[in-house]
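Single-letter residue listing:
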Amino acid sequence: MQHPDERHDHGRDHGHDPGHDPGHDHDRDRGHGPGHDHDHGHAHAHDHGHGDHHHHHAPPADAHGAFAVGTVLNAGFVVAEVVFGLTAHSVALLADAAHNLGDVLGLLLAWGAVWFGRRLPTPTRTYGFGRSTILASLTNAVVLLVGVGGIVVEAIRRIAEGGGAEPVGGATVMWVAAAGILINGGTALLFMRGRKDDLNVRGAFLHMAADAAVSAGVVVSGFIIMLTGWAWLDPLVSLGIAALILVSSWGLLRDSLDLSLDKVPANVDIAAVQAFLSDLPGVSEVHDLHVWPLSTTETALTAHLVRPEGTLDDAFTHGVCEALRTRFRIGHATLQIEQGDAAYACVLAPAHVI
């Protein structure tokens, strides 16, 4: 439950001038800091209800240690794969190194989201720095896609040369990739305990577990090369790894673009939110409903609720925001309460409200 000292109820007793031009009915308070005056031209109060939106998505404290250990292990493994990949003339190892570099960036992104989520807003950055995590994920996706292009070009060149002019060290490929199974699998175990409670940690867990399987594929190719001398198998495996990176990176790129363009987060059912607000006691209409991401883990909502018989009610606002937080994981909600006076109709209300 939300404690009284954790509530942020801003701007609740803003007075309204009945003669104010209703054309200046501002809706969302986006970008306004605490204490900003809003004259909406409605003969009623304007209620803001904010849940505990700074920390409720943060992973448990021990996740910081997991991110630190996982990042160091995977960064060291990337260096080892590059060195041994060049030594053994293995495109597959270099491809897997690129993939594991994506793991390091992903871990840093997730870890950075935790750090950014704990930074307080400033007078000029009233929502804090959370959106920088969206920018980081978008950059991460672009870098990975560029890396895929380089891997494919090199693999095709090796195939055109009949597997490569230089022999591939199959034993080296096998043992280095086997180390990757241990490192990726061990890193996945670090996030196992927190994966059920935090989507960010769960994503790190699934990513590491999948990469352990990729390393297993490289081990198999290295073993076959060691037995048969089929050097052409190495660039084929690298193409398979490149395809895997492409699929995962494309999804990351798509999701990052969606978040940067303020699309409703995938984990929020906007129809269910609309239905929930419409069924609230005394609410006859819901309009100007907006849901958008503040970061990769934080979600915000604004909505106008028409309550003809309603009055200024802190308990109502607090209860709605608490329900939005617990049921829909929306931690920053701003609600404008209107009485539906036709003389001061909200200009943001659609002609037909469902």
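Residues numbered from 1 in each chain as written. Predicted model: local features only at pLDDT ≥ 70, side-chain atom pairs only at ≥ 80, totals over all residues. Heavy atoms only, no water.

Novice: Looking at this structure, I do not really get the overall build of the protein chain. What am I missing?
Specialist: When you go through the protein chain residue by residue, the secondary structure sums to eight helices and three strands. Evaluated residue by residue, the protein chain yields a buried proportion of 44% over its 354 residues. For the protein chain, the share of sequence-separated contacts (at least 6 apart) that also reach a separation of at least 24 residues comes to 77%. For the protein chain, the computed accessible surface area is about 16700 Å², with 65% contributed by carbon and sulfur atoms. (Helix = DSSP H or I, 4+ residues; strand = E, 2+ residues; numbered from the N terminus. Buried < 20%, exposed > 50% of the residue type's maximum accessible area, 1.4 Å probe, protein only. Contact = heavy atoms within 4.5 Å. Areas by Shrake-Rupley, 256 points an atom, 1.4 Å probe, with all protein chains shown as cover.)

Novice: Just to check I follow, could you spell out helix H6 (residues 233–260) for this structure?
Specialist: Along an α-helix, residues three or four apart share an orientation, since each turn contains 3.6 residues. Compared with the 40 Å implied by 1.5 Å per residue over 28 residues, the 40 Å span of H6 between its first and last C-alpha is a close match. One or two residues past the end of H6 sits Asp262, with phi positive at roughly 65°. (Expected span 1.5 Å × (residues − 1).)

Novice: Would you explain a nonpolar patch on the surface in this entry?
Specialist: On the surface, Ile159, Trp230, Trp232 and Leu236 cluster together into a nonpolar patch covering about 390 Å² of accessible area. Relative to the helices and strands, Trp232 is located in the loop between helix H5 (199–228) and H6. (Patch = residues over 30% accessible without salt bridge, like charges linked within 9 Å, V, L, I, M, F, W, Y side chains within 5 Å. Salt bridge = Lys/Arg side-chain N within 4 Å of Asp/Glu carboxyl O.)

Novice: Mind showing me how you'd approach the packing of aromatic side chains here?
Specialist: Any pair of aromatic rings gets described here by the distance separating the centres and the angle formed by the planes. Within the structure shown, the criterion is met by three aromatic pairs. Where Phe67 meets Phe191, the ring centres are 5.0 Å apart and the plane angle is 55°; that geometry is what we call tilted. Here Phe67, found in helix H1 (residues 62–87), pairs with Phe191, found in the loop between helix H4 (170–190) and H5; they are 124 residues apart in sequence, far enough to count as distant. Each member of the pair Phe67 and Phe191 is classed as buried. When the centroid spacing of 6.5 Å and the interplanar angle of 65° are considered together, the rings of Tyr127 and Trp292 count as edge-to-face. In this pair, Tyr127 is assigned in the loop between helix H2 (91–117) and helix H3 (131–160) and Trp292 in strand E1 (residues 285–293), connecting sequence segments 165 residues apart. (Phe/Tyr/Trp six-rings, centres within 6.5 Å; stacked < 30°, edge-to-face > 60°.)

Novice: I would appreciate a short explanation of the confidence of the model for the protein chain in the present structure.
Specialist: Per-residue confidence for the protein chain gives a mean pLDDT of 75; residues scoring 70 or more make up 75%. When pLDDT is averaged over each element of the protein chain, helix H7 (residues 270–278) comes out on top at 96 and H5 at the bottom at 74. Taken as a whole, residues 1–60 scores under 50 in pLDDT and shows 157 contacts with residues more than four places along the chain or in a different chain. (pLDDT = per-residue confidence, 0-100.)

Novice: Is there a simple way to think about the nonpolar core in this case?
Specialist: The nonpolar side chains of a soluble globular protein tend to be buried with one another. If you look at the biggest cluster of nonpolar residues, it comprises 22 residues, and the most contacted ones within it are Val273, Leu277, Leu301, Leu305 and Leu324. Taken together, the elements giving at least two residues each to this core come down to H7, E1, strand E2 (299–306), helix H8 (314–328) and strand E3 (332–338). With six residues, H8 is the single largest residue contributor to this core. Apart from the residues lying within four places of it in its own chain, the contact partners of Leu301 are Val273, Leu289, His290, Val291, Trp292, Leu324, Ile330, His332, Ala333, Thr334 and Leu335. (Core = buried A, V, L, I, M, F, W, Y, C linked by side-chain atoms within 4.5 Å.)

Novice: I tried to follow the pattern of salt bridges on my own but got confused; where do I start?
Specialist: Oppositely charged side chains are able to pair whenever their charged atoms sit close together. Going through the model one piece at a time under the given rule, you end up with four salt bridges. Across the pair Arg131 and Asp262 runs a salt bridge, and its minimum N-O distance is 3.2 Å. In this pair, Arg131 sits in helix H3 while Asp262 sits in the loop between H6 and H7, placing the two residues 131 residues apart along the sequence. A residue is classified by how much of its surface remains accessible, and Arg131, at 34% relative accessible area, is partly exposed. On the accessibility criterion, Asp262 (28% relative accessible area) is partly exposed. One salt bridge in this structure joins Asp255 and Arg254, with 3.4 Å as the shortest N-O distance. Taking relative accessible area as the criterion, Asp255 reaches 38% and is therefore assigned partly exposed. Overall, Arg254 belongs to the partly exposed group, its relative accessible area being 44%.

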